[in-house]
Amino acid sequence: KQWYQRRVRGNPLVRFVSGFRDKVFRRDYFKGHLNEVMPGYKNRSGIEVFPIFVNEFLDGKIYDYHFSKQYDKMAYCWLPYDMLLQTETTLAQIKTVQEHTNTTMFDYPGSRLEVGIATESTDAIAKRYFATLTEDQLERFYEYYKWDFILPGYSKLNDTNFPYLNW
């Protein structure tokens with residue numbers, strides 16, 4: 001077989017928190033807008049700023065490619081994927097990909113947590129951040145990313161299988 005088609009996906013909740021932490025606190029992309037709705041936001045914890053950021057995002061006032069719906073970019077039914085990888089378990093799945101692509105001689109770098117750069121997984125951080133949202137905010141978030149949850153089979157926050165796939 002000449003091509004081995006695979007796609008790497010992440011749970012929308014985890015991906016959103018990752019983008020939030022990077023774009024808001026590391027890179028300050030939304031400084032002007034966030035200072036208007038929450039003066040001094042940089043002096044607050046991420047967990048305090050997160051619910052406000054989510055509202056602004058869901059109201060269409062904040063946009064960044066990192067937060068875009070992924071199902072728009074994937075043709076689940078049109079492309080015959082050989083494997084759908086999950087970012088949360090990529091290290092365990094990468095060996096299969098390497099076997100099919102004859103790349104077993106290369107080392108795959110682990111996640112920031114696996115290589116010791118981070119002390120807490122983004123999954124755990126996502127769980128804490130999303131726990132600060134109201135039920136209405138969570139439902140709006142799930143509705144916005146509906147197909148990013150449904151098509152790959154991702155679990156929601158209250159699922160005991162979070163953040164993993166449910167198949």
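Predicted model, so just to flag it, every value in this text is computed and none were measured. (Residues numbered from 1 in each chain as written. Predicted model: local features only at pLDDT ≥ 70, side-chain atom pairs only at ≥ 80, totals over all residues. Heavy atoms only, no water.)

**What about the packing of aromatic side chains?**
Alright, step 1. By the definition in use, this model includes 20 aromatic pairs.
Alright, step 2. With centroids separated by 5.1 Å and ring planes inclined at 85°, the aromatic side chains of F16 and F141 adopt a geometry described as edge-to-face. Separated by 125 residues along the polypeptide, F16 in helix 1 (residues 12-26) and F141 in helix 6 (residues 135-144) bring together distant segments of the chain.
Alright, step 3. Aromatic rings pair up to connect F16, F20, F50, F53, F57, F67, Y129, F130, F141, Y144 and Y145 into one cluster.
Alright, step 4. Geometry around Y144 places K69 over its ring, the cationic atom sitting 4.4 Å from the centre. (Phe/Tyr/Trp six-rings, centres within 6.5 Å; stacked < 30°, edge-to-face > 60°. Helix = DSSP H or I, 4+ residues; strand = E, 2+ residues; numbered from the N terminus. Lys NZ or Arg CZ within 6 Å of the ring centre and 35° of its normal.)

**With respect to the environment of Q137**
Alright, step 1. Relative to the elements of secondary structure, Q137 occurs in helix 6.
Alright, step 2. When the C-alpha atoms of Q137 and V54 are compared, they prove to be 7.7 Å apart, with 83 residues separating the residues in sequence.
Alright, step 3. Apart from residues lying up to four places away in sequence, Q137 is in contact with P51, N55 and L58.
Alright, step 4. Polar side-chain contacts of Q137 include one of 2.8 Å to the backbone nitrogen of T134. (Contact = heavy atoms within 4.5 Å. Polar contact = N/O pair within 3.5 Å; in protein donor to acceptor, adjacent residues only side chain to side chain.)

**Structural notes on a nonpolar patch on the surface**
Alright, step 1. Together, W147, I150 and L151 make up an exposed nonpolar region whose accessible area comes to about 270 Å².
Alright, step 2. Of note, I150 is situated in helix 7 (residues 146-150).
Alright, step 3. Since its relative accessible area comes to 45%, I150 is described here as partly exposed. (Patch = residues over 30% accessible without salt bridge, like charges linked within 9 Å, V, L, I, M, F, W, Y side chains within 5 Å. Areas by Shrake-Rupley, 256 points an atom, 1.4 Å probe, with all protein chains shown as cover. Salt bridge = Lys/Arg side-chain N within 4 Å of Asp/Glu carboxyl O. Buried < 20%, exposed > 50% of the residue type's maximum accessible area, 1.4 Å probe, protein only.)

**Looking at unusual backbone geometry**
Alright, step 1. Of note, N102 is a non-glycine position whose phi angle comes to about 55°, a positive value.
Alright, step 2. Within the fold, N102 resides in the loop between helix 4 (90-101) and helix 5 (122-130).

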